[in-house]
Amino acid sequence: MEPIRFASLDEVRDAAMRCRRCRLWEGTQGTVFGEGDPHARLMIVGEGPGQREDEQGRPFVGRAGQLLDQVLEAQGLSRQSVYITNVVKHRPPQNRTPLPDEVATCLPILRWQFYFIRPKVILLLGLSAVHALLDPQATMGRVRGQLVERSGVWMLPTYHPAAVLRNPGLRVHLEDDVALARKKLEELAAQQ
Ligand code: URA
């Protein structure tokens, strides 16, 4: 994907829809590119589509997505005001973790999404997003809730909502981290 230059987010979407560069598209119903405000100041990056997402072609529409919606809404953030996507754009079989070569193949699409959307803060949901975008060695316990600046963009690792569904005690951390993302956005807006 790297040598190709895109002129718009729509062109990136078209390329992702046609992409057959890794094995993940086999057995899926389609591509889950991402959705939301194309000029969002907050981007949210999960791991990869699950069954519901694959069926509907939209990110985070299953149980984990409903939880994410609730946590966002508690901070006054609607789905429409942010941009939600995943590290990989096709559903991994049996919802397994995407393999390193699949992540590496798909990552340019995500980087082009960053390029056109130009978010100020990126919330990284779960270790797949953290490993792909911040630190391949990171453990969640060490990095969650800590804002890290990379090329003028603030990255914030937090628990994946699916992990919160499995372990409800983690919810408070996800809530705190979404609140921190919102505060950071306010602080950045005040500086402008
Ligand atoms: N889990 C993810 O990582 N992404 C989705 O879109 C849905 C569930």
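Scroll up to find the structure this text is about.
Below or above, wherever it landed, is the structure these notes cover. (Residues numbered from 1 in each chain as written. Predicted model: local features only at pLDDT ≥ 70, side-chain atom pairs only at ≥ 80, totals over all residues. Heavy atoms only, no water.)

Overview of the site of the ligand
We count it as follows: Any residue with a heavy atom positioned within 4 Å of a molecule or strand is treated as near that molecule or strand. Contacts described as polar in this section are N or O atom pairs within 3.5 Å, which, within protein, must combine one atom able to donate a hydrogen with one able to accept it, while residues neighboring in sequence count only if both atoms come from side chains. Note on areas: Shrake-Rupley with a 1.4 Å probe; residue coverage comes only from the protein chains shown. We call Asp, Glu, Lys and Arg charged. Ala, Val, Leu, Ile, Met, Phe, Trp, Tyr, Cys and Pro are nonpolar, and the rest, Gly among them, are polar.
Neighbouring the ligand are Gly46, Glu47, Gly48, Glu53, Pro59, Phe60, Asn86 and His160. Glu47 has a polar backbone atom sitting 2.8 Å from an oxygen atom of the ligand. Relative to its unbound accessible area of 230 Å², the ligand is 91% covered by the protein chains. Of the residues that constitute the shell around the ligand, the class distribution is two nonpolar, four polar and two charged.

Re the packing of helix H1 (residues 9–18) against helix H4 (residues 100–117)
To keep it simple, the criterion reads: The axes are straight lines fitted to the C-alpha atoms, using for helices just the contacting stretch, and the angles between their N-to-C directions are given from 0 to 180°. Strands are runs of DSSP state E lasting at least 2 residues, helices are runs of H or I lasting at least 4, and numbering of each runs from the N terminus. Orientation labels follow simple angle bins: below 35 degrees gives roughly parallel, above 145 gives roughly antiparallel, 65 to 115 gives roughly perpendicular, and whatever is left gives oblique. When the near helix sits turned anticlockwise from the far one by under a right angle, the crossing is termed left-handed; a clockwise turn instead gives a right-handed crossing. Any pair of residues with heavy atoms lying within 4.5 Å of one another is described as a contacting pair.
Look at H1 against H4: their axes get within 9 Å of each other, and the N-to-C directions meet at 165°. In terms of their interaxial angle, H1 and H4 are classed as roughly antiparallel. Judged by the sense of rotation from one axis to the other, the crossing of H1 with H4 is left-handed. Contact residues: Leu9, Val12 and Ala16 in H1; Ile109, Trp112, Gln113, Phe116 and Ile117 in H4. Here the residues of the contact of H1 with H4 sort into seven nonpolar, one polar and no charged.

Section: the sheet that holds strand S3 (residues 83–86)
Convention followed: The pairing criterion is simple: DSSP has to find at least two bridges between the two strands.
Taken together, the six strands give an open sheet; going across it, the order is S1-S3-S2-S4-S6-S5, and neighbouring strands pair in mixed fashion. Every interior strand has two partners, whereas the edge strands, strand S1 (35–36) and strand S5 (148–150), have only one. Two strands pair when backbone bridges link them, and strand S2 (residues 42–46) and strand S4 (residues 121–125) are joined in this way by four bridges, in the parallel orientation. Residue pairing for S4: Ile44 is matched across the bridge by Leu123. Sitting on the sheet, helix H8 (residues 171–191) is in contact with S2, S4 and strand S6 (153–158), with an inclination near 170° to S6.

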